[in-house]
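# Per-entry structural report
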Amino acid sequence: MASLLDFTQRNGFNFLRIPFHLELFTQNKSPHGLGPNSDLNGLSALQVLDKVINEAGKRGIFIMLDLHSFTPDNFMTENMWYSSQYPESAVLSMWDRVIQRYANTWNVVALDLKNEPYGTTWNTNNPATDWNTAAARIANYIHNNGGSKFLIMVEGTSSSPPCADACFWGENFQGVHQAPVAVTLKKKLVYSPHTYGPGVSAQAYFSAGNYPLNMNSIWETHFGFLPTKTGNAIVLGEWGGKYDEQPRTKMWMDQLVAYLIAKGATDQFFWCLNPNSGDTGGILLEDWSTPVASKLAITKRLVPNPTTVTRNSNGQYCINGATTPSAPTGVVASVVSAVSSAASSVASAITGAVTTGSNTGTGTGSGTGSVTGTATGSATSTPGGGGGGGGGAASSSCTGLSATLTQRSSWTDGAGVHGIYDINIQNAGSSEAKNVPVNVRISGGSVEQIWNMVQSGSNYIVASIGAGKTYSGAGFISVGTPSVSLACGSTPTTPTNPTTPTTPTNPTTPTTPTNPTTPTNPTTPTTPTTPTTPTNPTTPTNPTQPGGGAGCSVGISFASSNMWNGGGAMTITISNTGTRTITNLSVKVAGASSTWNLLTSSAAADEYGLPTWAFPLPRGQKFSSAGFTYSGAQPSGGSVADIKCE
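Let me sum up the structure you'll find in this document. The structure displayed is predicted, hence computed values, not measured ones. (Residues numbered from 1 in each chain as written. Predicted model: local features only at pLDDT ≥ 70, side-chain atom pairs only at ≥ 80, totals over all residues. Heavy atoms only, no water.)

## Some points on the overall build of the protein chain
Under the convention used in this document: Secondary structure is summarised from DSSP: a helix means a run of H or I of at least four residues, a strand means a run of E of at least two, and numbering begins at the N terminus for each. Think of it in three bands: residues with accessible area under 20% of the maximum for their type are buried, residues over 50% are exposed, and the middle band is partly exposed, with areas taken using a 1.4 Å probe on protein chains only. Two residues qualify as a contact provided that any one of their heavy atoms is within 4.5 Å of a heavy atom in the partner residue. Under the convention used here, a 1.4 Å probe and the Shrake-Rupley method define accessible areas, while residue burial counts only the protein chains that appear.
Within the protein chain, the regular secondary structure consists of 9 helices and 23 strands. Across the 646 residues in the protein chain, those meeting the buried criterion constitute 58%. Here the analysis covers contacts within the protein chain between residues at least 6 apart in sequence; of these, 73% occur between residues at least 24 apart. Surface summary for the protein chain: the accessible area is close to 23700 Å², and the carbon and sulfur share equals 51%.

Following this line, the structure appears as structure tokens:
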């Protein structure tokens, strides 16, 4: 046990998610199978848990307790927050015992109410299955009965509301658009989705032609919108996979890391420390001591500078090298200010941690032995922005726009000199600039990752820059020497204030961009040519209304919002022209290179749905936040594929 905790601390992990089952707190049997942990012999299961928590505290490691199941080893089938054997009242009684035991333990700061409740529903007005109201009841009970210090981690559902893109267990939060979890202590609520790649379960989107670039919009739809929508943080409760053995899993993991960095949502728990998780493996190999170097590297890439906690001579716990208790700079709220003060926000809590793994002390008496997640995170957790924008009037030229490039950091390896760069675009004009085309050129290398831009042909699109504003949310990582220009004619600029390349052991990664939107992975851009003049907006209508019935009708128009040599961008406006409220809608768009606020449909390659938050759309109302880019000739428009009304 001590060596595992030492490894955890040594590698910058500062938060453990420990799964347990309900009977641990109600039966507290003696554990067995403790192996080399002779210091645990003779202890009850709860005493083992106490010792793990205490030793973790000595190393400055926070603890989340995760109700993984009700009985030993049944976490795969116990898919509600209660069971036939243990009703909700029994679950609340168990949380009473958790509070009594750990309310005054400084490093136990978070409670995961139920692992992967995939059998539940969301906002269906069924109290026996609705997880959103049950989670609120349990959270309020904990906070009102001596547990007000605890962060409450709420996982998602699986198929309620219906998940068009096949959500993983615990990943589906789409119901929050209509019904957020209504807790009394809102700042203590953290949404905690689980998400996995093709090595865990094959999904159609893992085989898409634009994989893994398509994942950004899928994650945004499933859970990425939460901070903007609710004001609460998201912290991934589980993610991981066999990075070295499975190439498509590696692609998925790299894309997820880039997505989380761009959103400023890098607080997460990696599954898992243990080597014995069959479909993901662990951070440790089968000898339980040798680390998987690539997994350490990817978590370090995500959180290069995790928060550290040390104990001073007065017995107080201090963060980031301080000698007296204080909150870290820029943190929303302090998690640890002294031994008597624990959690008040996820902001400074989840920062680079590992999970120890196990249903500690199973009902038959097994000790620390199953699987749990691993957490890594940043010292701050500012809720990030959502997906791309669009719609409205557009800029037809770069009049009043200028772009500069600033190097944030650099490092050198066998591939050359890598750098992290911020793009700053100033709009000195008197009107909003939309779909601004940006050209990034690399001498002697290529772009490796971008954020807050979408690709179209040889350019990247920044969705919107307000009149008189400077947009600094876009950027990229590259190897080689970059320059940036606006594709409508500005002079290319090279980075200002470049740092001298060094060769760090663990290269730094981007800090949180301001107001991020969904990132994508680009191909290497080419030099732009002189843009052409946009044509007048086209406004085709759709006279037929498939599937809607009487009074269920819609008008659809497409407007050219920008053009450049080799492509352009168009916005889509959906108008409810009927007498009934629209509850769902899909459109056909031919020739789209990339999209925003359009969801790929399995019905046809050119068919797209609208995000759940676009509905309901009452009569007389419009939805104009979707659009797409294209390469080559401008598409003639599109049509309504299907429509449903109340």
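## Examining the nonpolar core
Keep this limit in mind: What makes a nonpolar core is a set of buried Ala, Val, Leu, Ile, Met, Phe, Trp, Tyr and Cys residues whose side-chain atoms join them at distances within 4.5 Å.
Ranked by internal contacts, the top residues of the largest apolar core, which has 89 residues, are Leu65, Trp95, Leu113 and Trp239. With 24 residues, the next largest nonpolar core counts Ile572, Val589, Phe623 and Tyr630 among its residues.

## Notes on the side chain of Thr157
Tracing the chain through its elements places Thr157 in the loop between strand S4 (151-154) and strand S5 (189-191). When its relative accessible area of 0% is taken as the criterion, Thr157 is described as buried.

## Brief notes about the sheet that holds strand S21 (residues 607-609)
Rules: In this scheme, strands are said to pair when DSSP sees at least two bridges between them.
Spatial ordering of the open sheet is given by S20-S21-S18-S23, a layout of 4 strands whose pairing is antiparallel. Lying at the two open borders of the sheet, with one neighbouring strand each, are strand S20 (599-600) and strand S23 (638-645).

## Observations concerning helix H5 (residues 131-144)
The test is simple: Expected span of a helix: the number of residues minus one, times 1.5 Å.
Compared with an ideal rise of 1.5 Å per residue, which puts 14 residues at 20 Å, H5 spans 19 Å between its outermost C-alpha atoms and is within 8% of the ideal. Among the 14 residues that make up H5, 10 are buried, leaving the element largely enclosed by the rest of the structure. Summarising the contacts, the buried residues of H5 are in contact with helix H4 (88-102), strand S3 (108-112) and S4. The first or second residue beyond H5 is Gly146, which carries a positive phi of 95 degrees.

## Concerning the packing of aromatic side chains
Defined as follows: Any Phe, Tyr or Trp ring, taking Trp's six-membered ring, that has another such ring centre within 6.5 Å forms a pair; planes under 30 degrees apart are called stacked, those over 60 apart edge-to-face, and the others tilted.
In total, this model carries 20 aromatic pairs according to the counting rule given. With centroids separated by 6.0 Å and ring planes inclined at 70 degrees, the aromatic side chains of Trp219 and Trp252 adopt a geometry described as edge-to-face. Pair noted here: Trp219 is in helix H6 (residues 215-224) and Trp252 is in helix H8 (residues 247-263), with a separation of 33 residues, a long-range link. Here the two residues Trp219 and Trp252 agree in accessibility, since each one is buried. Centroid distance Trp239 to Phe270: 4.9 Å. Interplanar angle 85 degrees. Geometry classified as edge-to-face.

## Overview of the state of the cysteines
Put plainly, two cysteines are in a disulfide when a covalent bond ties their sulfur atoms together. Heads up, the condition is: Our working definition of a disulfide is a cysteine sulfur pair at a distance within 2.5 Å.
All chains considered together, the criterion is met by 2 disulfides. For Cys163, the disulfide goes to Cys167, at an S-S distance of 1.9 Å. Classification of the bridge connecting Cys163 and Cys167 rests on its S-S torsion, roughly 65 degrees, and on that basis the disulfide is right-handed. The pair formed by Cys163 and Cys167 is uniform in burial state, with each residue classed as buried.

## Observations regarding the pattern of salt bridges
For the record, the criterion: Here a salt bridge means any side-chain nitrogen of Lys or Arg lying within 4 Å of a carboxyl oxygen belonging to Asp or Glu.
According to the stated counting rule, one finds 13 salt bridges in the structure shown. Across the salt bridge formed by Glu55 and Lys58, the nearest N and O atoms sit 3.0 Å from each other. In this pair, Glu55 and Lys58 are both assigned in helix H3 (residues 45-58), 3 residues apart and thus about one turn of the helix distant. Across the pair Lys250 and Asp254 runs a salt bridge, and its minimum N-O distance is 3.1 Å. In this pair, Lys250 and Asp254 both sit in helix H8, 4 residues apart, roughly one turn of the helix. Residue Lys250 is classed as partly exposed on the basis of its relative accessible area, which comes to 34%.

## Observations regarding unusual backbone geometry
In the segment running from Tyr211 into Pro212, the intervening peptide bond is cis, with an omega of 5 degrees. Residue placement: Pro212 occurs in the loop between S5 and H6. With an omega dihedral of 5 degrees, the bond running from Trp271 to Cys272 counts as a cis peptide bond. Relative to the elements of secondary structure, Cys272 occurs in the loop between strand S6 (268-271) and helix H9 (293-302). The phi angle at Glu116 is positive, at roughly 40 degrees, despite the residue not being glycine.

## Topic: the pairing of strand S2 (residues 62-69)
The buried fraction of S2 amounts to 8 of the 8 residues, a majority that puts the element mostly inside the structure. Judged from the 4 bridges that link them, S2 and S3 form a sheet pairing that is parallel. By the bridge assignment for S3, Leu65 is matched with Leu111.

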